[in-house]
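Residue strings, one per chain:
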Amino acid sequence: MLDGIRRESAAAAPCEACGLLFGAAAEISGWQATENVAENPESRFEIDPAALFVALRAERSGGQAIAGYWHSHPNGSAEPSATDAEMAAGDGKLWLIVAGEIVTAWRSNGTGGFDPIEIDPVA
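Residues numbered from 1 in each chain as written. Predicted model: local features only at pLDDT ≥ 70, side-chain atom pairs only at ≥ 80, totals over all residues. Heavy atoms only, no water.

Another aspect to go through is the packing of aromatic side chains. Throughout the structure, instances matching the rule amount to four aromatic pairs. Here F45 and W95 contribute two aromatic rings whose centre-to-centre distance is 5.9 Å and whose plane-to-plane angle is 75°, an arrangement assigned as edge-to-face. Separated by 50 residues along the polypeptide, F45 in the loop between β2 (28-34) and α2 (49-60) and W95 in strand β4 (residues 94-99) bring together distant segments of the chain. For the pair formed by F45 and W95, the shared burial category is buried. Where W95 meets F114, the ring centres are 5.0 Å apart and the plane angle is 65°; that geometry is what we call edge-to-face. Of this pair, W95 sits in strand β4 while F114 sits in strand β6 (residues 114-117), placing them 19 residues apart in sequence. A residue is classified by how much of its surface remains accessible, and W95, at 4% relative accessible area, is buried. Taken together through their ring pairs, the aromatic side chains of F45, Y69, W95 and F114 make up a single cluster. (Phe/Tyr/Trp six-rings, centres within 6.5 Å; stacked < 30°, edge-to-face > 60°. Helix = DSSP H or I, 4+ residues; strand = E, 2+ residues; numbered from the N terminus. Buried < 20%, exposed > 50% of the residue type's maximum accessible area, 1.4 Å probe, protein only.)

Right, here's the structure in full:
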């Protein structure tokens with residue numbers, strides 16, 4: 001899964017790539033790339049609302065739960081940016097951030113920030 005997200009991120013550069021993560025808080029079971037519909041995709045991301053609505057409808061119908069989101073920072077670090085903090089809903093969802101080969105995981109904490117999470121790709 002992480003290799004696929006890295007490949008998708010590299011293919012989108014110099015724009016930010018983005019998408020959805022499925023599963024539960026303790027275990028991500030799947031991912032999906034979505035179109036980045038941000039006005040400035042080189043420095044921001046916005047998950048295509050149509051893709052998000054499809055995933056939410058599927059979740060409500062018994063499909064995979066949306067565990068969080070992923071996006072890339074093609075020209076930056078794998079740390080959440082100030083823009084990421086502004087966009088986070090504080091809903092406890094997982095955020096993966098990709099910068100080159102580095103992938104970090106964060107949980108939106110409800111106070112306008114993120115708490116780091118360790119990634120165990122073997123679990």
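After that view of the structure, there is still more to cover.
Quick look at the state of the cysteines now. Tallying each qualifying case throughout the model produces zero disulfides. Sulfur of C15: no disulfide; nearest cysteine sulfur belongs to C18 and is 10 Å away. (Disulfide = S-S within 2.5 Å.)

This next bit is on the sheet that holds β4. The six strands are arranged β2-β1-β3-β4-β5-β6 in an open sheet whose pairing can be described as mixed. Each edge of the open sheet carries a strand with a single partner, namely β2 and β6. Adjacent strand axes in the sheet meet at a mean angle of 30°, parallel and antiparallel pairs treated alike. Where strand β1 (residues 18-23) and strand β3 (residues 66-72) come together, five bridges link them in antiparallel fashion. Note on β3: the bridge partner recorded for L20 is Y69. Those strands touched by helix α1 (residues 2-12) are β1, β2, β3, β4 and β5 (102-108), and its axis lies near 55° from that of β4. (Pairing = 2+ DSSP bridges. Axes fitted to C-alpha atoms, helices over the stretch in contact; angles between N-to-C directions. Contact = heavy atoms within 4.5 Å.)

Below, the discussion takes up the nonpolar core. Counting 13 residues, the largest nonpolar core has L20, I47, Y69 and W95 as its most contacted members. Contributions of two or more residues to this core are made by β1, β3 and β4. Tallying contributions element by element places β1 first for this core, with three residues. Residues contacting L20, with those up to four places away along its chain left out, are G30, W31, Q32, T34, I47, A51, L52, A55, G68, Y69 and W70. Counting residues in each nonpolar core, the second largest holds ten residues, with I5, A17, L96 and V98 among its members. (Core = buried A, V, L, I, M, F, W, Y, C linked by side-chain atoms within 4.5 Å.)

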